[in-house]
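# Working through the structure, step by step
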Amino acid sequence: MKINGKPENKSLLRFTTAGSVDDGKSTLIGRLLYDSKSIFEDQMEHIVQSGKRLGRQDLDLSLLTDGLRAEREQGITIDVAYRYFATPARKFIIADTPGHLQYTRNMVTGASTADLAVILIDARKGVLEQTVRHTYIASLLDIRHIIFCINKMDMINYSETVFRNIRVDIERLVKKLEIEDSHYIPISAKYGDNVVDYSENMNWYTGKTFLNLIETIEISKNKNTDNQRFPVQTIIRPHTEEFHDYRGYAGRVAGGVFRPGDEVTVLPSLRKSKIKSIDVLGKELSEAIAGDSVAISLEDQIDISRGDMLVSTDDLPVISQDINLMICWFNERPMKIGGRYLIRINSNEAGCIVKSVNYRMNINTLENDFENRAINMNDIAYITIKTSKPVFFDSYKKNNITGSMIFIDEGTNETVAAGMII
Amino acid sequence: MKNINDEHLKELEAEAIFVMREVAAQFENKVLLFSGGKDSIVLVHLARKAFWPARIPFSLMHIDTGHNFEETLKFRDDLAKEFGAELLVRYVQDSINIGRVVEEQGVNASRNKAQSITLLDAIEELKIDVAIGGGRRDEEKARAKERFFSHRNEFGQWDPKNQRPELWNIFNGRKHSGEHFRVFPISNWTELDVWQYILNENIKLPELYYTHKRKIFSRNGVYLAWAPFMQLKPSEHVFESDVRCRTIGDITCTGVTLSKAESLEEIISEIAATRVTERGGRYDDKRSEAAMEDRKKEGYF
């Protein structure tokens, strides 16, 4: 189902890197920044010095993103690092995420805001469990564009046959996961082949270089422009002489387009009103589209508070206490069936009970496991919950914002799971 | 020069306003850490946009090292007055006087690190549960790891190896009593984004950001502004030049740039062409490899 996939040549592209441990994610980012001349002199001096201290022989570009002391010492990535760079064609926000299984939650954190995922594969090893896991998570998060970089080509003599064989394996995976748009590039992040410049070692490759591809790829944004959704974050009441009666509902449009004069229904009260004005710092706007942060005022005085939602009257979301969803479990303490958690969906909060685990995802086979339904850290499962009050939502596929939620453990306040509504 | 990045800046602005409003809704005692630098000035502007026509629902808090550029203080006071925001100032000197902080000695002495203690004391004293900061991920490698909503335990410490997952734009600000959050609404902005936004939105800045004549000296390849309380090494000598500040902080560790840029447009061209990062001139980061990470763990901004 492709509700809102209008191709767009965005000026800002958010992408995430994923792949198994030591596949060279951080090195690729380092190489990209280095060859596109986006590394500053003081940063360069820093990684040269740091590399010397750590006894690295060659220039180690991964030191650029591995910003924590523990990461540099162990040569691994523990948490997401965000990097920013720009070319005349585009601006990029990169979330460089960890490959270790135990840090999957950090990988999910980085991937949840991405338009595109770059998944690295070690040419010597081919498709590994983590490759499958990360590709699956990317598809679960509705990331519609994936670039598979077959890295370390230098270590297999730049063999076209090896590349083709791996590509066949991945294509099978891509087909199974119904990924909309996939690309394959043979690279050596360490030496720069096909990253920014074409490789002289792989004349058989006729596709784009990595940089050229991310500069030109058309992104279908996961932005819903059809169904009006406006979750209220907070109420603006100035209590001043000039704005004595002003009552603004502050929020970020989660779907559709809102204009003054539109009739809207307020959830959960189901009361109706008309939009009086849409304001930002003294300026009245003629419309607000998905992604805009605005304040909306209505013609009628209605009781509205944080967590409520303004929607179009003839296109309501689902309103229910029973929700089916896919979850990714993050916490060391396993999920409890019958356990109580707090959920946050947009600005709305509710209690919930886990009614059932319908199946657990077997990451190795990508099959649904109906036998072993214990949910431990990093597991992905299809579950059913019941909420303490009716909540309003769409499917995640229809709207990433009104279809996603987090689970919070009320005892520890930790975020223990991410949920995507089916 | 205008309009080049409008679409991209609009997205960053909407994100920052969203984060500010989450702070307003999820916390009780809220402060915005205000240094008088451009990032905190942009934060104040974003806060006005987020809550107009109501007043900014945060107090402005300045941790004053006593080593300021005079003009910054006046700018700070005027800005707070103009927008009707409560201004809270806490002094590192007070922390030194009561023995909470031992003043660093020697030529490289700075009160930059000591600010963390003064800040944490203020957070405890005023029962602050959230402090909004202008930190950006592009500034420094430890900052690149920070979440929008960054949890601090009851000792004010950051645990970078065990941060809460932060999914989509759902921010979990729940905490136990005594703990607090640091929130960074402009996490995803680069230095250039900030300047372009200042230009587009016509935001007023202290004159220090534009070219002016100043007495300076050179130390380890960084030009520092001279002030009467700064100790010089025998080899260092003070001279006057045309300079501007790229960042503004405590004088002892804020480098200045030789520049004749008089307008925002000129500053933007200069920054677009520079080969050194903004914090490359920050003496506080040059102390050790993990200087920022260590300070942040202790409770730094």
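Given the structure is predicted, the values throughout are model-derived calculations rather than measurements.

When helices and strands are tallied, chain B shows eight helices and ten strands. The C-alpha extent of chain B, read off along each of the three principal axes, is 55 × 50 × 40 Å. The buried share of chain B, taken over its 301 residues, is 53%. The contacts of chain B with a sequence gap of at least 6 include a subset with a gap of at least 24, amounting to 76%.

Below, the discussion takes up the overall build of chain A. Within chain A one finds seven helices and 25 strands. The C-alpha atoms of chain A give a radius of gyration of 24 Å, which matches the 22 Å a tight globule of 422 residues would have. Taken along its principal axes, the extent of the C-alpha atoms in chain A is 70 × 55 × 40 Å. Across the 422 residues that make up chain A, the buried fraction comes to 50%. Restricting the contact set of chain A to residue pairs at least 6 apart, pairs at least 24 apart contribute 71%.

Bringing the interface of chain B and chain A into the picture now. Listed per partner, the contact involves 44 residues of chain B and 52 residues of chain A. By residue number, the principal contributor to the side of chain B that touches chain A is helix α1 (residues 6-26) of chain B, which donates ten residues. Its residues assigned to classes, the side of chain B that touches chain A comprises 18 nonpolar, eight polar and 18 charged.

Our focus in this paragraph is the domain arrangement of chain B. Residue and element names in this part refer to chain B. Structurally, chain B comprises domain 1 (6-193 + 289-298) and domain 2 (205-285). Taking only C-alpha atoms into account, the centre of domain 1 sits 23 Å from that of domain 2. Listed by partner, the interface residues are 22 residues for domain 1 and 23 residues for domain 2. Ranked by residues supplied to the side of domain 1 that touches domain 2, first place goes to helix α3 (residues 70-82) with three residues. Of the residues contributing to the side of domain 1 that touches domain 2, the split by class is seven nonpolar, nine polar and six charged.

The next thing to look at is the environment of A:Asp369. All names here are of chain A. Among the structural elements, Asp369 can be located in strand β22 (residues 367-369). Judged by the 15 C-beta atoms lying within 10 Å of it, Asp369 falls in the partly exposed class. Along the primary structure Asp369 and Thr104 are separated by 265 residues, whereas in three dimensions their C-alpha atoms are 20 Å apart.

Turning to unusual backbone geometry, a few remarks are in order. Residue and element names in this part refer to chain A. Of the consecutive residues Leu267 and Pro268, the connecting peptide bond is found in the cis state with omega at 10°. Here Glu178, not a glycine, exhibits a phi torsion of approximately 55°, which is positive. Tracing the backbone through its elements, the reader meets Glu178 in the loop between α6 (160-176) and β7 (181-186). Take Glu178: there are 7 C-beta atoms within 10 Å of it, and that puts it in the exposed class. Unlike most non-glycine residues, Asn413 shows phi in positive territory, near 70°. Mapped onto the secondary structure, Asn413 falls in the loop between β24 (404-408) and β25 (415-421). Exposure remark for Asn413: the 17 C-beta atoms within 10 Å place this residue in the partly exposed category.

Once that is clear, we can look at the packing of helix α4 (residues 104-111) of chain A against helix α5 (residues 129-140) of chain A. Residues and elements named next belong to chain A. For the pair α4 and α5, interaxial distance at closest approach is 11 Å and the crossing angle is 40°. Here α4 is positioned oblique relative to α5, judged by the angle of their axes. The way α4 lies across α5 gives a crossing that is right-handed. Touching Met107, Val108 and Ala111 of α4 are His134, Ile137 and Ala138, all from α5. Looking at side-chain class alone, the contact of α4 with α5 contains five nonpolar, one polar and no charged residues.

Turning our eyes to something else, we now look at the sheet that holds strand β5 (residues 149-152) of chain B. Strands belonging to one sheet form pairs held by backbone hydrogen bonds; the direction of such a pair is parallel or antiparallel. All names here are of chain B. Read across the sheet, six strands follow the order β3-β2-β1-β4-β6-β5 without closing on themselves; strand pairing throughout is mixed. Strands with a single pairing partner mark the edges of an open sheet, and in this sheet they are β3 (87-91) and β5. Averaged over all pairs of adjacent strands, the angle between their axes in this sheet comes to 30°, without regard to strand direction. By the bridge criterion, three bridges tie strand β4 (residues 130-132) to strand β6 (residues 180-183) in an arrangement that is parallel. Bridging from a neighbouring strand, Val130 pairs with Phe181 of β6.

One closed barrel holds the four strands; their spatial order is β7-β8-β10-β9 (chain B), and the pairing between them is antiparallel. Direction aside, neighbouring strands of the sheet carry axes that sit 70° apart on average.

With that settled, the discussion passes to the nonpolar core. In this structure, A:Ala111, A:Ala117, A:Cys149, A:Ile296, A:Ala417, B:Leu32 and B:Ala47 are the most contacted members of the largest nonpolar core, which totals 178 residues. A total of nine residues in this core trace back to one element, the largest contributor, which is α1(B). Ignoring sequence-local partners within four residues, the contact set of A:Ile296 consists of A:Phe230, A:Gly248, A:Tyr249, A:Phe258, A:Ile275, A:Ile278 and A:Leu310.

All names here are of chain B. With respect to the helices, strands and loops of the structure, Glu240 is situated in strand β9 (residues 239-245). The sequence separation of Glu240 and Arg214 amounts to 26 residues, and the corresponding C-alpha distance is 5.4 Å. Setting aside its immediate chain neighbours within four residues, Glu240 contacts Lys213, Arg214 and Lys215.

What follows deals with the domain arrangement of chain A. The extent of an interface is frequently quoted as the accessible surface area lost upon association of the parts. All names here are of chain A. Looking at the assigned domains, one finds that chain A contains domain 1 (7-220), domain 2 (229-312) and domain 3 (318-421). Taking only C-alpha atoms into account, the centre of domain 1 sits 30 Å from that of domain 3. Listed by partner, the interface residues are eleven residues for domain 1 and 13 residues for domain 3. When contributions to the side of domain 1 that touches domain 3 are tallied by element, the ones reaching two or more residues are α4 and α5. It is α5 that contributes the most residues to the side of domain 1 that touches domain 3, five residues altogether. Residue classes in the side of domain 1 that touches domain 3 are distributed as five nonpolar, one polar and five charged.

Residue and element names in this part refer to chain A. Of all seven residues in strand β5 (residues 116-122), seven are buried; the element is thus mostly enclosed. Bridge analysis of strand β2 (residues 12-19) against β5 gives five bridges, and the strand direction is parallel. Counterpart to Thr16 in the pairing with β5 is Ala117. Direction of pairing for β5 relative to strand β6 (residues 145-151): parallel, over a ladder of seven bridges. What sits directly across from Leu116, in β6, is His145. Regarding the hand of the β-α-β motif, the stretch spanning β5, α5 and β6 is right-handed.

Here we come to the confidence of the model for chain B. Taken residue by residue, chain B gives an average pLDDT of 88. The fraction at 70 or more is 94%. The least confident element of chain B is helix α8 (residues 291-298) of chain B, whose mean pLDDT is 76; the most confident is β4(B), at 97.

Here is what the cut-offs are and how they apply
Residues numbered from 1 in each chain as written. Chains lettered and ligands numbered in written order. Predicted model: local features only at pLDDT ≥ 70, side-chain atom pairs only at ≥ 80, totals over all residues. Helix = DSSP H or I, 4+ residues; strand = E, 2+ residues; numbered from the N terminus. Buried ≥ 20, exposed ≤ 12 C-beta atoms within 10 Å, placed from the backbone. Contact = placed C-beta atoms within 7 Å. Rg over C-alpha atoms; globule rule 2.2 N^0.38 Å. Nonpolar A, V, L, I, M, F, W, Y, C, P; charged D, E, K, R; others polar. Domains from an automatic or database assignment. Axes fitted to C-alpha atoms, helices over the stretch in contact; angles between N-to-C directions. Parallel < 35°, antiparallel > 145°, perpendicular 65-115°, else oblique. Left-handed = near helix turned anticlockwise from the far one by under 90°. Pairing = 2+ DSSP bridges. Core = buried A, V, L, I, M, F, W, Y, C linked by C-beta atoms within 7 Å. Right-handed = clockwise from strand over helix to strand, strands pointing away. pLDDT = per-residue confidence, 0-100.

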